[in-house]
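If you want the building blocks of each chain, they are given just below.
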Amino acid sequence: MADNRGLSHIWLPYTQMQTTPAPLIARRTQGCTIDLEDGRTLTDGIASWWTACHGYNHPHIRDRVSAQLIAMPHVMFGGLVHRPALELAERLCALLPGDLERVFFTDSGSVAVEVALKMAVQYWLNKGQRGRTRLLAFRGGYHGDTIATMAICDPEEGMHSMFAGALPEQIIADLPRDDASFKALDETLAAHRHEIAAIVMEPLVQGAGGMLFHSPEVLRRVRELADKHDVLLILDEIFTGFGRTGTMFAYEQARIVPDIVTLSKALTGGTMALAATVARKHVFDAFLSDSPMHALMHGPTFMANPLACSAACASLDLFEREPRLEQVAAISAQLAAELAVCRGVSGVRDVRVLGAIGVVELDEICDMNRLKAALVEEKVWVRPFRNIVYLTPAFTMTSAELSHLTGAVHTVLAAGAFR
């Protein structure tokens, strides 16, 4: 009999606990696989929510974290700093294109975005413009599950729609994709420019909103409108950062620089919880003053945790030493070739690929539990949501492992397990 002690006390994320089947119990991870307690091994198609870009248990990251654990697992970041955080901040600023030069560490993506929003609003307050407290975000967007981030997610299609009326009211616009929609965005910004602190968007991919892609040109033109109307541009690279779209950071493809960028997910190679909000010089300078009221009053207890910073530094080592972006390009080509067969499956609306992201969009998923169980029966770990089945594998995944994933997706969809 399976040992399910403790399950009766667990509250799972994004889950209706009354109707969901019992979760699988993971025992061990290695490379691109997850070993279950029941003896099965699953090929992981989503790298633990896109974080384990180097695969699981990479020895270089493990060794550096182990050494840090012996030396100093944690110390408060108020009035003290430490070498892993100093090294990571310096390396991130050198790696990020443009003059992004000040790093504020947090411990989750949602909090990193919260800090970015707080920076943007206080930037204008510190400059004496007290009316600029609203944010403009886009339909289809997702930026986290905390209160301020929920307010800038898609208010109708997103998972937070029931909170309408309980959240701060922000400006949600259509993501522009043509001249007419850019004209509409221009008019919205003109009408509200004295209220808006910042535009917030995910570059190239709206992730949890449905893996919706847009071109670098869209990003470039949004930057132009932000400049025209003198509002800050915050780019949420929590999903897209660290190679996922084919370049180290998605915004590189548009040849622009945001005023603030948020990072997390793959920052530590999927090893530890860590996030960062990185600002340009002019943003940071607005907080410099003789008045303590102009300081950024925010400080997560475990910010800049030395173990997590050490893991992130080791992850950056791997991006320098190993051909990660070349691996992403190879994965991208294989995903495009092998998922194409899904276009012939009844009920498939679209198949699209960008970098190491492969998406099969369905008309609808009628039985999510059945679909998930069918994928596990094929010995793969893939977690569909809304109406999509997607793959975001580790960059170190072998061609054979990736073929196992794409083959499993096609087999399950062709069998109609989503109906």
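Residues numbered from 1 in each chain as written. Predicted model: local features only at pLDDT ≥ 70, side-chain atom pairs only at ≥ 80, totals over all residues. Heavy atoms only, no water.

Tallied over the full model, the rule gives 27 salt bridges. Residue Arg-139 is joined to Asp-174 by a salt bridge in which the shortest nitrogen-to-oxygen separation is 3.0 Å. Pair noted here: Arg-139 is in the loop between strand S5 (134-138) and helix H5 (147-150) and Asp-174 is in the loop between strand S6 (171-173) and helix H6 (179-192), with a separation of 35 residues, a long-range link. Here Asp-174 falls in the partly exposed class, since its relative accessible area comes to 49%. (Salt bridge = Lys/Arg side-chain N within 4 Å of Asp/Glu carboxyl O. Helix = DSSP H or I, 4+ residues; strand = E, 2+ residues; numbered from the N terminus. Buried < 20%, exposed > 50% of the residue type's maximum accessible area, 1.4 Å probe, protein only.)

Turning our attention to the sheet that holds strand S16 (residues 388-391). Strand order in this open sheet of three strands is S13-S14-S16, and the pairing throughout is antiparallel. In this open sheet, the two edge strands, each paired with only one partner strand, are strand S13 (348-354) and S16. Neighbour-to-neighbour, the strand axes of this sheet turn through a mean angle of 10°, independent of strand direction. In terms of strand pairing, S13 meets strand S14 (residues 357-362) through six bridges, oriented antiparallel. (Pairing = 2+ DSSP bridges. Axes fitted to C-alpha atoms, helices over the stretch in contact; angles between N-to-C directions.)

For the rest of this paragraph, the subject is helix H9 (residues 306-321). Along its 16 residues, H9 runs 22 Å from first to last C-alpha, staying within 8% of the 22 Å computed at 1.5 Å per residue. With respect to burial, H9 is a largely interior element, 14 of its 16 residues being buried. One side-chain oxygen of the residue at the start of H9 lies 3.1 Å from the amide nitrogen of Leu-307, identifying that residue as Asn-305. (Expected span 1.5 Å × (residues − 1). Polar contact = N/O pair within 3.5 Å; in protein donor to acceptor, adjacent residues only side chain to side chain.)

Further remarks concern helix H11 (residues 368-377). Residues that lie three or four places apart on an α-helix share one face, since the helix turns once every 3.6 residues. Taken residue by residue, H11 has Leu-371, Leu-375 and Val-376 as its buried positions. Taken end-on, H11 shows its buried residues confined to a sector of 135°, consistent with a single buried face. The secondary structure elements touched by the buried residues of H11 are strand S3 (41-44), strand S15 (380-381), S16 and helix H12 (399-414). By the N-cap criterion, in which a side-chain oxygen at the helix start approaches the backbone nitrogen of a residue two or three places on, H11 is capped by Asp-367, the distance to Asn-369 being 3.4 Å. Positive backbone phi, at 65°, marks Lys-379, one or two positions downstream of H11. (Arc of directions from axis to C-beta. Contact = heavy atoms within 4.5 Å.)

Here we come to the packing of H6 against helix H7 (residues 216-228). At a minimum axis separation of 10 Å, H6 and H7 run at an interaxial angle of 25°. When the interaxial angle is binned, H6 and H7 end up roughly parallel. The crossing of H6 and H7 is right-handed. Touching Asp-179, Phe-182, Leu-185, Asp-186 and Leu-189 of H6 are Val-218, Arg-221, Val-222, Leu-225 and Lys-228, all from H7. The residue makeup of the contact of H6 with H7, split by class, is six nonpolar, no polar and four charged. (Parallel < 35°, antiparallel > 145°, perpendicular 65-115°, else oblique. Left-handed = near helix turned anticlockwise from the far one by under 90°. Nonpolar A, V, L, I, M, F, W, Y, C, P; charged D, E, K, R; others polar.)

For soluble globular proteins, the rule of thumb is that nonpolar side chains tend to be buried together. Within the largest apolar cluster, 105 residues are counted, with the highest numbers of intra-cluster contacts made by Phe-105, Phe-242 and Leu-413. Not counting residues within four places of it along the chain, the set of residues in contact with Phe-105 comprises Ala-85, Leu-88, Ala-89, Leu-92, Leu-274, Ala-275, Ala-276, Pro-300, Met-303 and Ala-304. Ile-46, Val-205, Ile-388 and Tyr-390 belong to the second largest nonpolar core, which has 14 residues in total. (Core = buried A, V, L, I, M, F, W, Y, C linked by side-chain atoms within 4.5 Å.)

Our next topic: the pairing of S14. Most of S14 is tucked away, with six of its six residues classed as buried. In this antiparallel pair of consecutive strands, S13 and S14, the connection spans two residues, and Gly-355 shows a positive phi of 55°. The pairing of S14 with S16 spans four bridges and is classified as antiparallel. When the bridges of S16 are listed, Val-360 appears paired with Val-389.

Moving on to unusual backbone geometry. Of all residues except glycine, most have a negative phi; of all peptide bonds, most are trans. If you check the backbone angles, Trp-49 has positive phi at about 55° while not being a glycine. Secondary-structure assignment places Trp-49 in helix H1 (residues 47-50). Backbone geometry places Met-211, a non-glycine residue, at a positive phi of 50°. Relative to the assigned elements, Met-211 resides in the loop between strand S8 (205-206) and strand S9 (212-213). Assessed through its relative accessible area of 0%, Met-211 is described here as buried.

A word on the packing of aromatic side chains. This structure, assessed with the given rule, holds eight aromatic pairs. Aromatic pair Phe-242 and Phe-319: ring centres 6.3 Å apart, planes at 40°, arrangement tilted. Here Phe-242 is found in the loop between strand S10 (232-236) and strand S11 (260-263), whereas its partner Phe-319 is found in helix H9, with 77 residues between them in sequence. Assessed through its relative accessible area of 12%, Phe-319 is described here as buried. Centre to centre, the rings of Phe-249 and Tyr-251 are 6.4 Å apart; their planes meet at 25°, and the pair counts as stacked. Residue classification places Tyr-251 among the buried positions, given a relative accessible area of 0%. Ring pairing ties together the aromatic residues Trp-50, Phe-239, Phe-385 and Tyr-390, which thus form one cluster. The residue whose ring lies beneath Arg-132 is Trp-124, and the NZ or CZ to ring-centre distance is 3.7 Å. Over the ring of Phe-182 we find Arg-221; its NZ or CZ atom is 4.0 Å from the centre of that ring. (Phe/Tyr/Trp six-rings, centres within 6.5 Å; stacked < 30°, edge-to-face > 60°. Lys NZ or Arg CZ within 6 Å of the ring centre and 35° of its normal.)

Right, let's talk about the side chain of Asp-154 for a bit. The residue Asp-154 is located in the loop between H5 and S6 in this model. Although buried, Asp-154 forms no salt bridge, and the nearest oppositely charged side chain, Arg-139, lies 5.7 Å from it. Of note is the side chain of Asp-154, whose polar atom sits 2.6 Å from the backbone nitrogen of Gly-140. Apart from the residues within four sequence positions on either side, Asp-154 is in contact with Arg-139, Gly-140 and Gly-141. (Lys, Arg positive; Asp, Glu negative; His and termini not counted.)

On to the sheet that holds S5. Spatial ordering of the open sheet is given by S4-S12-S11-S10-S7-S5-S6, a layout of seven strands whose pairing is mixed. Strands at the two margins of the open sheet, each flanked by one partner only, are strand S4 (100-106) and S6. Going across the sheet, the axis of each strand differs from the next one's by a mean of 20°, ignoring polarity. Of the strand pairs in this sheet, S5 and S6 are connected by three bridges, and their pairing is parallel. Residue pairing across strands places Leu-136 opposite Ile-171, the latter belonging to S6. Its contacts with the sheet put helix H3 (residues 83-95) on S4, S11 and strand S12 (275-280), and the angle it makes with S4 is roughly 135°. The sheet contacts of H6 involve S5, S6 and strand S7 (196-201), and relative to S5 the element is tilted by about 170°.

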